[in-house]
Amino acid sequence: MTDEILRGLPAPPPPGAAALPPGTYAGQVVLVTGGGTGLGKAIAAEFARLGADLVIAGRRAGQLEAARGELAAVPGAGRVAAAVCDIRDPERVAEVFDAAAAALALPDVLVNNAAANFPCPAEDLSPNGWRAVVDITLTGTWFMTREFGRRHLAAGTPGSIVNIGASYAWTGGPGFAHSAAAKAGVKSLVETLAVEWGPYGIQINGLVPGLFPHPDMTEDIQDGLARAAPGSRDGRQPALRVGEPHELGWAATFLASPYARFVTGHTLVVDGANWQRRTLVGTDVVPVREQLGRGPFTG
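Residues numbered from 1 in each chain as written. Predicted model: local features only at pLDDT ≥ 70, side-chain atom pairs only at ≥ 80, totals over all residues. Heavy atoms only, no water.

Peer 1: Honestly, helix α1 (residues 38–49) in this entry has me stumped. Any pointers?
Peer 2: What sets the pattern is the α-helix's 3.6 residues per turn: residues three or four places apart point alike. Between its first and last C-alpha atoms α1 spans 17 Å; for twelve residues at 1.5 Å apiece the expected length is 16 Å, and the two agree. Most of α1 is tucked away: eleven of the twelve residues are buried. Following α1 by one or two positions, Gly51 has its phi on the positive side, about 95°. (Helix = DSSP H or I, 4+ residues; strand = E, 2+ residues; numbered from the N terminus. Expected span 1.5 Å × (residues − 1). Buried < 20%, exposed > 50% of the residue type's maximum accessible area, 1.4 Å probe, protein only.)

Peer 1: What exactly am I supposed to notice about helix α4 (residues 127–155) here?
Peer 2: Helix length check: α4, at 29 residues, gives a terminal C-alpha distance of 40 Å against a target of 42 Å (1.5 Å per residue), a fit within 8%. For α4, the principal kink sits at Asp135 and spans about 40°. (Bend = angle between axes of the 7 residues up to and from the residue.)

Peer 1: Honestly, the packing of α4 against helix α6 (residues 177–197) in this entry has me stumped. Any pointers?
Peer 2: To characterise two packed helices, one gives the angle between the axes of the helices and the distance between these axes. Contact geometry for α4 and α6: axes closest at 8 Å, N-to-C directions at 15°. Judged by the inter-axis angle, α4 sits roughly parallel to α6. Where α4 crosses over α6, the two elements pack in a sense that is right-handed. For the pair α4 and α6, the contacting residues are Gly129, Trp130, Val133, Val134, Thr137, Leu138, Thr141, Trp142, Thr145, Arg146, Gly149 and Leu153 in the first and Ala177, His178, Ser179, Ala181, Ala182, Lys183, Gly185, Val186, Leu189, Leu193 and Trp197 in the second. When grouped by side-chain class, the residues that make up the contact of α4 with α6 number 13 nonpolar, eight polar and two charged. (Axes fitted to C-alpha atoms, helices over the stretch in contact; angles between N-to-C directions. Parallel < 35°, antiparallel > 145°, perpendicular 65-115°, else oblique. Left-handed = near helix turned anticlockwise from the far one by under 90°. Contact = heavy atoms within 4.5 Å. Nonpolar A, V, L, I, M, F, W, Y, C, P; charged D, E, K, R; others polar.)

Peer 1: Explain the packing of aromatic side chains here, please?
Peer 2: When we look at a pair of aromatic rings, we describe it by the centre distance and by the angle of the planes. One pass over the full model with this rule turns up three aromatic pairs. Centroid distance Tyr168 to Phe176: 6.0 Å. Interplanar angle 25°. Geometry classified as stacked. You can call Tyr168 buried: its relative accessible area is 17%. (Phe/Tyr/Trp six-rings, centres within 6.5 Å; stacked < 30°, edge-to-face > 60°.)

Peer 1: I would appreciate a short explanation of the side chain of Arg289 in the present structure.
Peer 2: Tracing the sequence through the fold places Arg289 in helix α9 (residues 288–291). Arg289 sits in the buried class, given a relative accessible area of 16%. Here the side chain of Arg289 touches Gly295 through a polar contact of 2.8 Å, landing on its backbone oxygen. Among residues more than four places away in sequence, those in contact with Arg289 are Pro121, Glu123, Asp124, Arg294, Gly295, Pro296 and Phe297. (Polar contact = N/O pair within 3.5 Å; in protein donor to acceptor, adjacent residues only side chain to side chain.)

Peer 1: In this structure, what is going on with unusual backbone geometry? I would like to understand it.
Peer 2: Excluding glycine, most residues fall at negative phi; most peptide bonds, likewise, are trans. A positive phi angle, near 60°, is found at Leu240, a position not held by glycine. Here Leu240 is to be found in the loop between α7 (219–228) and α8 (245–255). The phi dihedral of Ala273 falls on the positive side, at around 70°, and the residue is not glycine. Here Ala273 lies in the loop between β7 (267–270) and α9. By relative accessible area, which is 36% here, Ala273 ends up partly exposed.

Function cannot be inferred from these measures alone, as they are strictly geometric.
So, in structure tokens, the structure goes:
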């Protein structure tokens with residue numbers, strides 16, 4: 001085949017375009033954890049563009065305040081509030097919901113985006129490293145979800161939850177045992193709570209991003225990408241391109257919208273089919289330690 005034939009998937013509409021009608025989220029409050037940076041901020045921006053009032057939560061006040069200003073300037077945005085919160089602490093989680101209700105209203109939509117991750121061979125993973133990732137990614141997501149659900153159940157009001165997941169919840173994640181285990185738990189929460197809470201009008205879905213480069217990616221993740229695909233992040237994607245952050249935002253706004261009310265318990269993968277890619281003949285096995293540039297394990 002020639003390069004002229006291999007075009008890949010077309011680029012999306014430019015940032016600023018909306019996937020849903022203007023004002024879809026007017027009068028609704030959307031709470032996004034990890035909303036001060038990266039993909040969380042990109043998701044929050046698309047809700048803002050559709051008229052939502054936003055609460056962005058995270059651990060760093062400076063990042064949140066900077067993001068609050070950016071999001072408030074998005075055309076169509078409603079009010080934007082920021083709340084410092086460590087989602088591993090259920091008391092702080094309750095305080096975020098109290099603050100959101102006092103400043104705006106009980107959130108109608110919760111996007112559980114906050115997570116922790118770093119690459120590490122399983123045998124090198126310390127107890128503290130395991131706990132840090134699982135406590136934020138799984139336990140913190142559960143605390144946020146539980147608080148949201150309990151408040152809506154008590155109020156008798158509907159709501160929508162979007163949990164940001166990862167494709168290795170299905171496949172396992174060599175080099176990311178802690179994160180893969182946590183994300184498998186997050187996916188299971190989607191499937192369990194969709195059944196438990198559906199009768200009360202609460203829907204819950206998962207959203208799995210593929211490769212969406214953004215300026216807030218950690219150095220270790222960027223280094224891993226550089227080792228995996230020297231010189232190009234695009235050539236190893238079936239789409240022959242990476243994702244644009246606003247594409248993920250469009251998917252999130254759809255899943256939580258009135259147009260997806262009968263979609264619940266589902267996890268949507270937005271990665272250009274990369275997680276399903278296979279070679280006709282298996283390539284040589286490269287141990288995780290070698291992929292991460294580490295020497296032999298010495299105990």
